[in-house]
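# Examination of the molecular architecture
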Amino acid sequence: MRVLEAFADAIMQYEGWKPGSRSWRNRNPGNMRHATMQVGDDGGYAVFATLGDGWESLLFDIRAKCQGAPMTKTGLGPESTFEEFFQVWAPSADNNHPAQYAKFVAECLTKTCQKPFTPESKLKTVYPALG
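Residues numbered from 1 in each chain as written. Predicted model: local features only at pLDDT ≥ 70, side-chain atom pairs only at ≥ 80, totals over all residues. Heavy atoms only, no water.

Attention shifts here to the packing of aromatic side chains. Counted by the stated rule, this structure contains 9 aromatic pairs. Relative to F82, the ring of F7 lies with its centre 5.3 Å away and its plane at 75°, an arrangement referred to as edge-to-face. Of this pair, F7 sits in helix 1 (residues 3-14) while F82 sits in helix 4 (residues 82-89), placing them 75 residues apart in sequence. Grouping residues by exposure puts F7 and F82 together as buried. Their ring planes at 75° and their centres at 4.8 Å tell us that F85 and F86 sit as a pair that is edge-to-face. (Phe/Tyr/Trp six-rings, centres within 6.5 Å; stacked < 30°, edge-to-face > 60°. Helix = DSSP H or I, 4+ residues; strand = E, 2+ residues; numbered from the N terminus. Buried < 20%, exposed > 50% of the residue type's maximum accessible area, 1.4 Å probe, protein only.)

Once that is clear, we can look at unusual backbone geometry. The phi dihedral of R27 falls on the positive side, at around 55°, and the residue is not glycine. Mapped onto the elements, R27 comes out in the loop between helix 2 (22-25) and strand 1 (40-42).

We now examine the layout of surface pockets. Roughly 680 Å³ of volume is contained in the largest pocket. M32, R33, H34, D61 and W89 are the residues nearest the centre of the largest pocket, which is lined by 28 residues in total. For the lining of the largest pocket, the leading source of residues is helix 3 (residues 51-67), giving 6 residues. (1 Å grid on protein atoms, 1.4 Å probe; cavity = no way out; pocket = protein on both sides within 12 Å on 5 of 7 lines; lining within 4 Å. Points joined across faces, edges and corners; volume = space filled by probe spheres on them.)

Following the criterion strictly, the structure yields 7 salt bridges and no others. Between K124 and E79 there is a salt bridge; the shortest N-O distance is 2.7 Å. On the criterion of sequence distance, the pair formed by K124 in the segment after helix 5 (98-113) and E79 in the loop between helix 3 and helix 4 is long-range, its members being 45 residues apart. By relative accessible area, K124 is classed as partly exposed at 42%. The class for E79 is partly exposed, based on a relative accessible area of 46%. A single network of salt bridges, built from pairs that share partners, joins R22, R25 and D42. (Salt bridge = Lys/Arg side-chain N within 4 Å of Asp/Glu carboxyl O.)

The subject of this paragraph is the packing of helix 1 against helix 3. Running from N to C, helix 1 and helix 3 cross one another at 115°; their axes reach a closest spacing of 10 Å. When the axis of helix 1 is compared with that of helix 3, the two are roughly perpendicular. In this structure, helix 1 crosses over helix 3, and the sense of that crossing is right-handed. Between helix 1 and helix 3, the contacting residues are L4, E5, F7, A8, D9, I11 and M12 on the first element and W55, L58, L59, I62 and R63 on the second. (Axes fitted to C-alpha atoms, helices over the stretch in contact; angles between N-to-C directions. Parallel < 35°, antiparallel > 145°, perpendicular 65-115°, else oblique. Left-handed = near helix turned anticlockwise from the far one by under 90°. Contact = heavy atoms within 4.5 Å.)

Let us look at the environment of K73. Structurally, the position occupied by K73 is in the loop between helix 3 and helix 4. A relative accessible area of 78% places K73 in the exposed class. With 52 residues separating them in the primary sequence, K73 and S21 have C-alpha atoms 29 Å apart.

In structure tokens form, the structure reads like this:
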């Protein structure tokens, strides 16, 4: 499994993907708020026609943030840390815990990829920078 997919898989796990959950019902493994491939909205969360569409949208969004793509408007890029990523992805203002989220994802990646990751790991370790 590539690091990008392992990162997305860890997000899916942290977001509580299981039968009956919001992310499962909406075919939205990252519980994304908005995405270009969404076909609907469920209380501010994107709804996708298929799990494949939701998964591809999640990968697209992570890649864009890792590369610092201008369309994300987040200020994130290759030198941003996992913790900075999750401050944007799941902000404290929405009653989330970005530091815990980053720690969980780093631990999952360490286990899955069998190399060390921490909340201070850079996004360029997930997906390479543009250019």
